[in-house]
Amino acid sequence: MAATLLALAHWSTWAVCAVIKLPQLAAVLAARSARGVSVGSLLLELAGFLVFLRYQIYYGYPLQTYLEYPIIIAQDVILLLFILRFSGNMKRALFYAVIFGGGWYMLTLRKWIIDLAMNLCTLISAASKLAQLRCLWQTKDSGQVSALTWSMSVYTCATRIVTTVMTTNDLAVLIRFITMLILNIWVTATILHYRKTKKTD
């Protein structure tokens, strides 16, 4: 029974993550605008995902516990490129690529660096959610922010709590997923609130 639950959690997480950013990408492309989408939030999220992926690889955790991260990172990079294009800031793409590439390399120069980065990863990822919340609160408009993408993030965090408990039981990873679950629920609720407020106006 436990093996079946674990396999179901892994497979459903991978399936959701294969399309997790597509609703957000579709909304931005359809509007040819990134209104309401926080670039700062996306950059922090990308940094958090890269640190988390590097940590999982460094410690040799089972591939099935982090297989979705390369897929999400690729989707985030594509989304970032569209946001930069529609906001007229494509020149920043090379700068971001150099920073993230250098960071990827530097994370494993010493064991204490990757451990510290993983502990900070939760704060970085939390900051990405808070940056999106701040953007929503300031504009009072969910704009092109996809509630579906954020609700899928809620689901994947919940399943990753289960898989972490059942496989590695890494406390730092578990704290990260619980924190992200709470914040993803908050962002989703805020998006739905502003969407509902806009419809009633």
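In case you missed it, the structure is sitting above this.
Remember, predicted model here, so these are calculated numbers, not experimental data. (Residues numbered from 1 in each chain as written. Predicted model: local features only at pLDDT ≥ 70, side-chain atom pairs only at ≥ 80, totals over all residues. Heavy atoms only, no water.)

Visitor: I'd like a description of the pattern of salt bridges, backed by residues and values.
Guide: Summed over all chains, the structure comprises 6 salt bridges. Here Lys21 makes a salt bridge to Glu45, at a shortest N to O gap of 2.7 Å. Remark: Glu45 occurs in helix H3 (residues 39-58) and Lys21 occurs in the loop between helix H1 (2-19) and helix H2 (22-31); sequence separation between them is 24 residues. Note on accessibility: Lys21 and Glu45 belong to one class, buried. Overlapping salt bridges, with partners in common, bring together Lys21, Glu45, Asp76 and Lys129 in one network. (Salt bridge = Lys/Arg side-chain N within 4 Å of Asp/Glu carboxyl O. Helix = DSSP H or I, 4+ residues; strand = E, 2+ residues; numbered from the N terminus. Buried < 20%, exposed > 50% of the residue type's maximum accessible area, 1.4 Å probe, protein only.)

Visitor: Residues and numbers for the state of the cysteines, please.
Guide: Evaluated as defined, the whole model comprises 0 disulfides. With no disulfide partner, Cys17 has as its closest neighbouring cysteine sulfur the one in Cys157, 8.9 Å distant. (Disulfide = S-S within 2.5 Å.)

Visitor: Can you tell me about the packing of H3 against helix H4 (residues 68-86), naming the residues and giving the values?
Guide: Closest axis-to-axis distance for the H3/H4 pair is 10 Å, and the angle between their directions is 155°. Between H3 and H4, the crossing angle belongs to the class labelled roughly antiparallel. When the axes of H3 and H4 are compared, the crossing they make is left-handed. Contacts between H3 and H4 involve Val39, Leu42, Leu43, Glu45, Leu46, Phe49, Leu50, Phe52 and Leu53 from the first element and Tyr69, Pro70, Ile72, Ile73, Asp76, Val77, Leu79, Leu80 and Ile83 from the second. Among the residues making up the contact of H3 with H4, the classes are represented as 16 nonpolar, no polar and 2 charged. (Axes fitted to C-alpha atoms, helices over the stretch in contact; angles between N-to-C directions. Parallel < 35°, antiparallel > 145°, perpendicular 65-115°, else oblique. Left-handed = near helix turned anticlockwise from the far one by under 90°. Contact = heavy atoms within 4.5 Å. Nonpolar A, V, L, I, M, F, W, Y, C, P; charged D, E, K, R; others polar.)

That is the geometry; function is a separate question.
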